[in-house]
Amino acid sequence: MARITAGVTTSHIPAVGAALDNGRSHEPYWQPVFAGYEWVQAWQKEEKPDVVVLVYNDHASAFDMKVIPTFAIGCAEQFQPADEGWGPRQVPVVEGHPDLAWHIAQSCILDEFDMTIINEMDVDHGLTVPLSVIFGPQEKWPAKIIPLAVNVVTYPPPSGNRCWLLGEAIARAVASFPEDLNVQIWGTGGMSHQLQGPRAGLINKEWDGRFLDKLVEDPESLRRMPHIEYLREAGSEGIELVMWLIMRGALGKQVEQLNRFYHVPASNTAVGHIVLRPKADGADIPASDTIEANSPAAQEMIA
Amino acid sequence: MSIDQPDASPARDIHGYLAAFDDIPGTRVFTAKRARKGYQLNQFAMSLMKAENRDRFRADESAYLDEWKLTPTAKEAVLKRDYNTMIDEGGNIYFLAKLFSTDGKSFQFAAGSMTGMTQEDYAAMMASGGRSPEGARSLKEIAAAAAMNNPQEDR
């Protein structure tokens, strides 16, 4: 059986990728940022995940204004780094896990989450910067990646509660996959930042710290937090944090915090990073109450 | 309202949900209304993801922009690299990123250009921890605080 063994979150700041790609990570400005990821890079060498479900948002790279999926799951064999206007990042091609990705897509749809299935897609800094900081620079990424793109650009994005419930549905889908796989789920983006308008540059350390605390100890309250709270307190682009709740919902009620890192400044954005271990190994994920998820015939068709 | 006590009276429908966004100072949320207004502007910016389009744009910006159904205000704003006006015209920062990337500029440069600060002052503010949310959360709160400080004006 596949199982979710850990949840990881990180910001996905493009300037962090650029600093790494241009050999500037040792500079005094950037050194503290990269030092904050040394723990997780060493830990990942021990954990050796087979697959990462990587929750992120596309920044007008794979999706333009023609099609705006709320939840899109990448089911391809491979995903190329996108050219975001300055040429693609020189990082390894991202290898998918189509069997598990299609299984999650089918399971979630029967569980009443109507996923958009993506068979061809380039992946931008939202996905590749987390790979670079969580695994460290690599010749080949050490895990298969299932991209899960969430619309947090065109309003309204999904609610926090909807994100949490999707996380639970993903956890149920992973648990019903027959192959023995070590699966992690990552939530990316955030923390506080605003990239537009006269209020650009907003950073809210106090609020970010409380968000991290609640993510560990009181995530139920985050499910009810409305979008306006993220916008006011964490800046217009701080809404990305809603994606972290997909990761958190997939871990169950009780988690152990293994590591935490927070740093300002890094370009325009507060860097937040946390590593969580589910305590109940999925046992405290509620069962689905949907008709098809409980239909043996329907489940047989996607097995 | 705080992270511990989220908005006790959340918007009951889409109208209330959207109206609340207009209370945030110096911020334009990318609502459906803005997304519709800025469709051509954002799709123009997307086109700059291709190297050959970047080359054509650089060779003659005005002619390239004429291939898109932009409003005169949007076209002028692109030519002047006036990002606040582009956002008023329905532009979204992640789309407009293709434009400032074509110029070899960073998110920090573009964000700073919208604040009315010099690039040096903006960079210094970010290096020292960013803009504080104090007094920047709500236009209503700012107005109420101003009224408290100048009570005579109400009489």
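In the block above lies the structure referred to throughout.
Residues numbered from 1 in each chain as written. Chains lettered and ligands numbered in written order. Predicted model: local features only at pLDDT ≥ 70, side-chain atom pairs only at ≥ 80, totals over all residues.

Looking only at helices and strands, one finds eleven helices and eleven strands in chain A. Relative to its length of 303 residues, chain A is compact, with a C-alpha radius of gyration of 18 Å against a globular reference of 19 Å. Projected onto the principal axes, the alpha-carbon positions of chain A cover approximately 60 × 40 × 40 Å. Counting only residues that meet the buried cut, chain A has 58% of its 303 residues in that class. Relative to all contacts within chain A whose residues are 6 or more apart in sequence, the contacts with residues 24 or more apart total 83%. (Helix = DSSP H or I, 4+ residues; strand = E, 2+ residues; numbered from the N terminus. Rg over C-alpha atoms; globule rule 2.2 N^0.38 Å. Buried ≥ 20, exposed ≤ 12 C-beta atoms within 10 Å, placed from the backbone. Contact = placed C-beta atoms within 7 Å.)

With 41 residues of chain A at the contact, the number on the chain B side is 52 residues. Counting residues per element, the ones that place at least two in the side of chain A that touches chain B are helix H1 (14–21), helix H7 (205–217), helix H9 (227–234) and strand E10 (255–266) of chain A. The leading source of residues in the side of chain A that touches chain B is H9(A), at five residues. Looking at side-chain class alone, the side of chain A that touches chain B contains 21 nonpolar, eleven polar and nine charged residues. (Nonpolar A, V, L, I, M, F, W, Y, C, P; charged D, E, K, R; others polar.)

Think of a sheet as strands paired side by side through backbone hydrogen bonds, with each pair either parallel or antiparallel. All names here are of chain A. A sheet is described by the order of its strands in space; here three strands give the open sequence E5-E4-E7, paired in mixed fashion. Looking along the sheet, the strands with just one partner apiece sit at the ends: strand E5 (94–95) and strand E7 (122–123). For strand E4 (residues 78–81) and E7, the ladder comprises two bridges, and the chain directions are parallel. The residue bridging proline 81 from the neighbouring strand is valine 123, located in E7. (Pairing = 2+ DSSP bridges.)

Once that is clear, we can look at the pairing of strand E1 (residues 3–10) of chain A. All names here are of chain A. In terms of burial, E1 is a largely internal element, six of the eight residues being buried. Pairing of E1 with strand E9 (residues 182–188), which is carried by seven bridges, proceeds in the parallel orientation. When the sheet's bridge partners are listed, alanine 6 is paired in E9 with glutamine 184.

Moving on, we come to the packing of H1(A) against helix H5 (residues 125–135) of chain A. All names here are of chain A. Contact geometry for H1 and H5: axes closest at 9 Å, N-to-C directions at 55°. Relative to H5, the element H1 lies oblique. The two elements H1 and H5 meet at a crossing, and its hand is left-handed. Together, Pro14, Val16, Gly17 and Leu20 of H1 and His125, Thr128, Val129, Ser132 and Val133 of H5 make up the contact between the two elements. (Axes fitted to C-alpha atoms, helices over the stretch in contact; angles between N-to-C directions. Parallel < 35°, antiparallel > 145°, perpendicular 65-115°, else oblique. Left-handed = near helix turned anticlockwise from the far one by under 90°.)

Bringing the environment of Asp64(A) into the picture now. Along the chain, Asp64(A) falls in the loop between strand E2 (51–56) and strand E3 (71–74). Overall, the presence of 17 C-beta atoms within 10 Å leaves Asp64(A) in the partly exposed class. Remark: the alpha-carbon pair of Asp64(A) and Gly85(A), spanning 21 residues in sequence, is separated by 14 Å. Among residues more than four places away in sequence, those in contact with Asp64(A) are Gln43(B) and Met46(B).

In this structure, Val53(A), Leu54(A), Val55(A), Ile73(A), Ile104(A), Ile146(A) and Ile170(A) are the most contacted members of the largest nonpolar core, which totals 128 residues. In terms of residue count, the dominant contributor to this core is helix H6 (residues 160–175) of chain A (nine residues). (Core = buried A, V, L, I, M, F, W, Y, C linked by C-beta atoms within 7 Å.)

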